[in-house]
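Residue strings, one per chain:
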Amino acid sequence: MARRRRVRPLGRGKVLPSARQWEKAARGACGRIYPWGAEPTAAKANTAEAGIDATTSVARYQSGVSPYGAFDMCGDVWEWCSTEEEPGNGRYELKGSTFTSPSNEPPRPRATPPTPP
């Protein structure tokens, strides 16, 4: 029987989302490519094309919100998930993209170094 690793709480009952939860929050029930639809649009996320070269406030890109009302699911910073890349390897998935990512790169999973979230 596979052993499940317990996710450390972030405080006051909060935990990181699983990769599946993150995907649904970002892409909606229809599985959009980007939170706002099917086409890359630099004006909807803090990506390399914005030229800001730093993080921005959460509500800056209001038109890039996901179907569930989540902001910055594409661009700004990578986001930790509680899902391990492979069970037991200690590598957790990162989702989304960052302010250095090109706007035509859809949010995707990324392998992380062996560090628990």
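This write-up is about the structure you can find in this document.

1. Brief notes about helix α1 (residues 19-27)
Then, in step 1: Among the residues making up α1, those that are buried are A19, W22, E23, A26 and R27. Within α1, the buried residues cover an arc of 105° as seen down the axis, which keeps them to one side. Opposite its buried face, α1 presents the exposed residues R20 and Q21, each directed more than 90 degrees away.
Then, in step 2: Those residues of α1 that are buried lie in contact with β1 (79-84) and β2 (92-95).

2. Some thoughts on the side chain of S97
Then, in step 1: Checked against the element boundaries, S97 lands in the segment after β2.
Then, in step 2: From its side chain, S97 meets the backbone nitrogen of G75 in a polar contact 2.7 Å long.
Then, in step 3: Excluding residues that lie within four positions of it along the chain, S97 makes contacts with C74, G75, D76, V77 and W78.

3. Describing the packing of aromatic side chains
Then, in step 1: Scanning the entire structure with this criterion turns up one aromatic pair.
Then, in step 2: Measuring from ring centre to ring centre gives 5.3 Å for Y34 and W36, while their planes differ by 15°; the resulting arrangement is stacked.
Then, in step 3: Among the residues examined, Y34 registers a relative accessible area of 3% and is labelled buried.

4. Side note on the pairing of β2
Then, in step 1: Where burial is concerned, the two faces of β2 agree: the one with Y92 and L94 and the one with E93 and K95 are both buried.
Then, in step 2: Judged from the three bridges that link them, β1 and β2 form a sheet pairing that is antiparallel. Bridge assignment links W80 to a residue of β2, and that residue is L94.

5. Examining unusual backbone geometry
Then, in step 1: Backbone geometry places D53, a non-glycine residue, at a positive phi of 55°.
Then, in step 2: Considering the arrangement of structural elements, one finds D53 in the loop between α1 and β1.
Then, in step 3: Even without being glycine, D72 reaches a positive phi, approximately 55°.
Then, in step 4: Summarising the element assignment, D72 is placed in the loop between α1 and β1.

6. What about the environment of G69?
Then, in step 1: Looking at the secondary structure, you find G69 in the loop between α1 and β1.
Then, in step 2: On the accessibility criterion, G69 (42% relative accessible area) is partly exposed.
Then, in step 3: It is 8.8 Å that separates the C-alpha atoms of G69 and A26, two residues lying 43 residues apart in sequence.

Thresholds applied
- Residues numbered from 1 in each chain as written.
- Predicted model: local features only at pLDDT ≥ 70, side-chain atom pairs only at ≥ 80, totals over all residues.
- Heavy atoms only, no water.
- Buried < 20%, exposed > 50% of the residue type's maximum accessible area, 1.4 Å probe, protein only.
- Helix = DSSP H or I, 4+ residues; strand = E, 2+ residues; numbered from the N terminus.
- Arc of directions from axis to C-beta.
- Contact = heavy atoms within 4.5 Å.
- Polar contact = N/O pair within 3.5 Å; in protein donor to acceptor, adjacent residues only side chain to side chain.
- Phe/Tyr/Trp six-rings, centres within 6.5 Å; stacked < 30°, edge-to-face > 60°.
- Pairing = 2+ DSSP bridges.

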